[in-house]
Amino acid sequence: MEHREQKKKASKKQARPKVIKTASVHVLPLTKRPFFPGMAASLTIEPGPFYEALKSITKSDDRYVALCLTKKENIGIYSVGYDDLHPVGVLAKVLRVAPIQEQGAQVFLSVECRITLKKPKSQSKPLKVQFEPFFDQPEGEDQDLIKAYSTSILTTTKELLKLNPLFKEELQVFLGHSDFTDPGRLADYSVALTTATRDELQDVLEAFDLKDRSEKALQLLKKELDLNQLQNSITQKIEANITKSQKEYFLKEQLKTIKKELGLEKDDKTSDVDKFEKRIEKLNVPTPILKTIHEELDKLAFLDIQSAEYGVCRNYLDWLTLVPWGLKSKDIFDVDRAKGILDKDHYGLDDVKERILEIMAVSQLSRSTKGKIICLVGPPGVGKTSIGKCIASALNRKFYRFSVGGMRDEAEIKGHRRTYVGAMPGKLVQALKVTKTMNPVILIDEIDKIGNGHYNPSAALLEVLDPEQNCDFMDHYLDVPLDLSNILFIVTANTLDSIPTPLLDRMDVIRLSGYILEEKVAITEKYLIPKARKEAGLKANQIKIQKGAVVAMIDGYAREAGVRNLEKLIQKLMGKAAKDIVTKKKKNVSVTEENLIEFLKQPIFTQDLLYIDPPPGVVVGLAWTSMGGATLSIEAVKTPHADRTIMKLTGNLGEVMKESAQIAWTYFMSSIDRFAPYYRFFEKSEIHIHVPEGATPKDGPSAGITMVTALFSLLMGVKVRKGLGMTGEITVTGKVLPIGGVREKVIALRRSKLDYLILPKENMRDYDELPDYLKTGIHVEFVDTYEDVFKIAFDYPGNNRILVAPTPQI
């Protein structure tokens, strides 16, 4: 509760109440200064029980309330009991209660008389007590002595008026309106204008005897006069020494000198040293580092505060003492709790969650996460960063994220040396400063996009992440050993290809491959729509997005592996719905599959495949990209050539894919007699193999069997099996080798509505590990050689290829 005194008299002579009918009143505790009889005062009351009590008081006839000072200054007003109050206070009449918007009310009071608290009547908040009022008696002994005291009080007050311009207005009001014939009121008013302490003012309030009260009031006024004379002396001393060029600093120097005289402030150097020492007291600093800190403190004591070296030394000590040495968050190793947190924020990803829970279980048994470096790999928008946050929440640790994408300087990791201007510690030290613990969860984002500058930052990261080295990590700026072994590091990447092998070897890789249609629909309905609706300020009954619209939106506008673009589309729908509700006064908006085009315009994707029924020479292959899986329709056509048979490749192919095409061509030519003995070879023809979407770079060996199949399909003029997709690397002898990205490629197959899959035999283990919902409805064949591929692709009912030698024509 805050209050301020209105240091002026309500009237020249305030009528004293002869009879107070109220026997008990509510008590408003004061924590700063007491009030005195005859004063007008105001209090700011916060919303709560005191405010409610005041509202009820204003409706009563008496409108009285007691104002009593608490014995301790730093005490919450809602915890004040009867024993926490001084027994002597004042009785005040509530004049007016002015509500303040959302902040309680301003209460205006007229202080009537002193009271003595007898006993509590109610312990509820606010307190209600029984009291006995006290009024000054003008008749009595020592009238001459009291009159002399009153004269001294007036004289001292006039001297204060000359020395202290800060109270000039208040003092003039006091002198113009005081009743000089009332010594008690004069003592109360005069002491209320001083800067005396709360205890000194309470002592005057408790003085019922006029002689005693006047004596104490005069003592406080004399003390105030001495303080103002000292202030005046200090001012004259400063004015005598100050030069013309320093006049602009006059007020600041004056205030600083006053505080030094009163012992309220120390110089900047002492303040810095005290601040660093207080920080050290709260930490468990290792002995070698504590020795370094004390050496720097000794050095700081001899440096001039204006020197550049002082700033360098001060900043170094600031960082050294900001590191939370010895402070750790209390780990919670609870697999069930972790599972609940993961399931709450993420749909699906069962294999990913299972792997994370396995790591948590090991940590629960070992009671430690040391040596763990989790690498989350997957396309954008699949939830890598949010999973990192969930892991931190499950462990009850602080979370810090920074990105190394495009980082080209190791100083970002290991800090700058202190010899450089503007030097700072590296990201790891900054993370410890922000989290205030030595065992946070630090997520290093985009590690696959780290730059290769003159000073390779990936080498610095190796020291940070290696559990054998990071227990004595040396930041260039701090230049003291820093134990990072208690930190749980999580790194994210879109692909593993660009991560240095020594770095990758130390990571526990967990793949997030992306979401299929069913998963995206569930995520949209469970997470994205409620979130976007809340952000748009819409209610559930104001917008409804039907499931058919969600499916059409995913299929036609958001086919990426993640859900980031899908979330943007949902937000766009919410924005258009909000506009219709506001401008067109619609009560609700319904988004259906039929009217979706009105909100999002024409679909971006109309079909996954170039051909619904591929012609001869066209075969669907499966590819992996950093954005997830994709289907590629590999095309082969024949054109005449004057001299010989040649092969031409187009489609923005990388070197590995060009080599794979050469291998496919060689194997095709060597095996024609085996698989298509009754077909004539391409004589004097140019065979053109093209992979569509030429603007997109493509590389990798997994299209080998697809290219061979396209060539045989062209040679025989026969279509491959309907709904077939394949992937696999081929050798010149026809051996089919395993490939990567099986999950992504299966997702791409499902998205393209294909149902027949050819995989290398050695990828059977990868396929078996896939969840059942990905494998449902797909017929998969595992092949070891190209002979197996040929039989699956071309041996099907209705195939019209030539299986026997044609009858010679005569």
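Details of the structure are given in the entry above.
Residues numbered from 1 in each chain as written. Predicted model: local features only at pLDDT ≥ 70, side-chain atom pairs only at ≥ 80, totals over all residues. Heavy atoms only, no water.

Here we take up the environment of Q103. For Q103, the position within the fold is in the loop between β5 (88-100) and β6 (104-122). A sequence separation of 58 residues divides Q103 from I45, and the C-alpha atoms of the two residues are 7.9 Å apart. With sequence-adjacent residues up to four places away left out, Q103 is seen in contact with I45, E46 and P47. (Helix = DSSP H or I, 4+ residues; strand = E, 2+ residues; numbered from the N terminus. Contact = heavy atoms within 4.5 Å.)

So, on to the packing of aromatic side chains. All told, the structure shown has 14 aromatic pairs when counted by the stated rule. Summarising the aromatic geometry, the rings of F675 and F712 are spaced 5.7 Å apart at their centres and angled 80° between planes, so their arrangement reads as edge-to-face. Separated by 37 residues along the polypeptide, F675 in helix α23 (residues 672-675) and F712 in helix α24 (residues 704-716) bring together distant segments of the chain. By the burial criterion, F675 is buried, and F712 matches it. Seen in terms of ring centroids, Y767 and F782 are 5.8 Å apart; in terms of plane orientation they differ by 70°. Their pairing is edge-to-face. Of the two residues, Y767 sits in helix α26 (residues 764-768) while F782 sits in strand β25 (residues 779-783), which places them 15 residues apart along the sequence. Through a chain of ring-to-ring contacts, three or more aromatic side chains come together here, namely W665, Y667, F668, F675, F712, Y786, F790 and F794. (Phe/Tyr/Trp six-rings, centres within 6.5 Å; stacked < 30°, edge-to-face > 60°. Buried < 20%, exposed > 50% of the residue type's maximum accessible area, 1.4 Å probe, protein only.)

What the rule picks out here adds up to 24 salt bridges. Of the charged contacts in the structure, one is a salt bridge between K531 and E567, with a shortest N-O distance of 3.0 Å. Within this pair, whereas K531 is found in helix α18 (residues 517-535), its partner E567 is found in helix α20 (residues 564-583), the two being separated by 36 residues in sequence. Note that E787 and K791 form a salt bridge whose closest N and O atoms lie 3.6 Å from each other. With E787 and K791 both in helix α28 (residues 786-794) and four residues apart, the pair spans about one turn of that helix. Under the relative-accessibility criterion, K791 is labelled partly exposed at 43%. (Salt bridge = Lys/Arg side-chain N within 4 Å of Asp/Glu carboxyl O.)

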